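Coordinates in review
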Amino acid sequence: WELNGSFYQPSAFLMMGIPGLEPLHPWISIPFCALYLTALLGNCVILFIIRRTPSLHEPMYYFLSMLAVTDLGLALCTLPTTLGLFWFNVRRIAFDACLTQMYFIHILSFIESSVLLAMAFDRFVAISHPLRHPAILTRSTVLKIGLAIVLRGTVSLLPIPFLLKRLSYCGRTELSHSFCFHPDIMNLACADIKVNVFYGMIVLLSTVGMDFIFIVLSYILIIRTVVSLTTREECLKALNTCVSHICAVLLFFIPMIGLSMIHRFGRDVPPLVNTVVAYTYLTIPPALNPVIYSIKSTHIREALLRALCRKRG
């Protein structure tokens, strides 16, 4: 502990695995290894295929590349501490290292939310204004959107580590997960955390909350356009281009909203439920997103098969 008058700050936090199942951690690590391996390989393959296939150099696949990079970052942020705990029971994480991991986890989560919004906008323009789509979403426009997304997440979350560093901590140092999460660290403080709570809620609602609202609005407009199409085949074809994105939105937002609600309002929720939701939020989307897009996207599937055939040849 670092002591400065009445100000106390721990040198490290202790991470927790799955409560009640500690003896089974080596076995539980097997599905986690599979998820992390799928996330790393799957997203790298998506990036490789898009880069090597000129026909995929379109706004939809540029945004998919951004999603793949974000998912890679999320997987790499939590992989060392999660597998370190499951394999070697390494529970200790330094205070500053914990704040750094927390910052990048939240930045990448906010970036993923914004990328999903950009993908929804791309689908709306492609379906509602197909002739104007190339003029609206040019390569430079997509690049500007990507830079704005990164800047938005980085700047909006920049005060969070400093707000946590100013707090005094005493007593408990056990985190609820095998990674560092803002509400989790904040609740260990024995100082007034009203500023942290207020700022965290404002940032969450103004970023992820607004992204979700605009995604829903985009799909309302998409459905209105699809309903006006003349034939059933055209309706199904238009909707089929959105299936992968809808799955990615549900995979990301449902566990994220659940985890946020549990940390802020679910004090009576069993620890196991909290843990399952947290791991679902940070491991399932990075692993399943490339699988979903590889299955549902005909262009990516065909490009992947061509790449495999060239290697065999």
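Residues numbered from 1 in each chain as written. Predicted model: local features only at pLDDT ≥ 70, side-chain atom pairs only at ≥ 80, totals over all residues. Heavy atoms only, no water.

For the chain, an unreviewed UniProt entry supplies the name Olfactory receptor and the organism Zosterops hypoxanthus. Of the comments in the UniProt record for the chain, the one headed Sequence similarities (unreviewed entry) reads "Belongs to the G-protein coupled receptor 1 family." (UniProt positions renumbered as here; feature names shortened; annotations may be inferred.)

**With respect to the packing of aromatic side chains**
Summed over all chains, the structure comprises 12 aromatic pairs. By way of ring pairs, the aromatic residues Phe32, Phe86, Phe179 and Tyr279 are connected into one cluster. (Phe/Tyr/Trp six-rings, centres within 6.5 Å; stacked < 30°, edge-to-face > 60°.)

**Considerations on the UniProt feature "transmembrane region" (unreviewed entry) in the chain**
The feature "transmembrane region" (unreviewed entry), as annotated in UniProt, sits at residues 24–50, 62–88, 100–121, 142–164, 197–222 and 242–262 in this numbering. Helix makes up 100% of residues 62–88 and strand 0%, whereas the separation of the span's terminal C-alpha atoms amounts to 39 Å. Taken end to end, residues 197–222 is 100% helix and 0% strand, and its first and last C-alpha atoms sit 36 Å apart. (Helix = DSSP H or I, 4+ residues; strand = E, 2+ residues; numbered from the N terminus.)

**Observations regarding the side chain of Ser65**
Residue position: Ser65 is located in helix α2 (residues 59–88). Filtering out sequence-adjacent residues up to four positions away, Ser65 remains in contact with Leu47 and Ile50. (Contact = heavy atoms within 4.5 Å.)

**Comments concerning the pattern of salt bridges**
A full pass over the atoms with the stated rule returns 3 salt bridges. With a closest N to O distance of 3.0 Å, Arg123 and Asp122 form a salt bridge. With a relative accessible area of 10%, Arg123 lands in the buried category. Overall, the relative accessible area of 1% leaves Asp122 in the buried class. (Salt bridge = Lys/Arg side-chain N within 4 Å of Asp/Glu carboxyl O. Buried < 20%, exposed > 50% of the residue type's maximum accessible area, 1.4 Å probe, protein only.)

**Some thoughts on unusual backbone geometry**
One non-glycine residue, Asn89, lies in positive phi territory at about 55°. Here Asn89 shows up in the loop between α2 and β4 (92–94).

**So, the environment of Tyr219**
Relative to the helices and strands, Tyr219 resides in helix α8 (residues 194–227). For the pair Tyr219 and Met261, spaced 42 residues apart in sequence, the C-alpha to C-alpha distance is 25 Å. Those residues within four positions of Tyr219 in sequence are excluded, and the remaining contacts are Ala120, Cys242, His245 and Ile246. Among the polar contacts made by the side chain of Tyr219, one reaches the side chain of His245 at a distance of 2.6 Å. (Polar contact = N/O pair within 3.5 Å; in protein donor to acceptor, adjacent residues only side chain to side chain.)

**Regarding the packing of helix α3 (residues 95–128) against helix α11 (residues 271–296)**
Between α3 and α11, the shortest axis-to-axis distance is 12 Å and the interhelical angle comes to 35°. Here α3 runs over α11; the crossing is left-handed. Facing Ile105, Ser109, Glu112 and Met119 of α3, the residues of α11 in contact are Tyr281, Leu282, Pro285, Asn289 and Tyr293. Taken together, the residues of the contact of α3 with α11 sort by class into 6 nonpolar, 2 polar and 1 charged. (Axes fitted to C-alpha atoms, helices over the stretch in contact; angles between N-to-C directions. Left-handed = near helix turned anticlockwise from the far one by under 90°. Nonpolar A, V, L, I, M, F, W, Y, C, P; charged D, E, K, R; others polar.)

**A look at the packing of α3 against helix α10 (residues 243–265)**
Relative to each other, α3 and α10 sit at 145°, their axes nearing to 11 Å. As α3 packs across α10, the resulting crossing turns out to be left-handed. Every residue of α10 that contacts α3 at Ser109, Phe110, Glu112, Ser113, Leu116, Met119 and Ala120 is listed here: His245, Ala248, Val249, Phe252, Phe253 and Met256. Considered class by class, the residues forming the contact of α3 with α10 number 9 nonpolar, 3 polar and 1 charged.

**Re the state of the cysteines**
Scanning the entire structure with this criterion turns up 2 disulfides. Disulfide pairing is shown between Cys98 and Cys180; the S-S distance is 2.0 Å. The disulfide joining Cys98 to Cys180 has a torsion of about -120° about its S-S bond and is therefore left-handed. With Cys98 in helix α3 and Cys180 in the loop between α6 (159–165) and α7 (182–186), the pair connects residues that are 82 residues apart, well separated along the chain. Note on Cys98: relative accessible area 0%, which makes it buried. The exposure class of Cys180 is buried, given its relative accessible area of 0%. By sequence-ordered numbering of the bonded cysteines, the chain has its disulfides arranged as 1-3, 2-4. Not part of a disulfide, Cys33 finds its nearest cysteine sulfur in Cys44, a span of 17 Å. The exposure class of Cys33 is partly exposed, given its relative accessible area of 25%. (Disulfide = S-S within 2.5 Å.)

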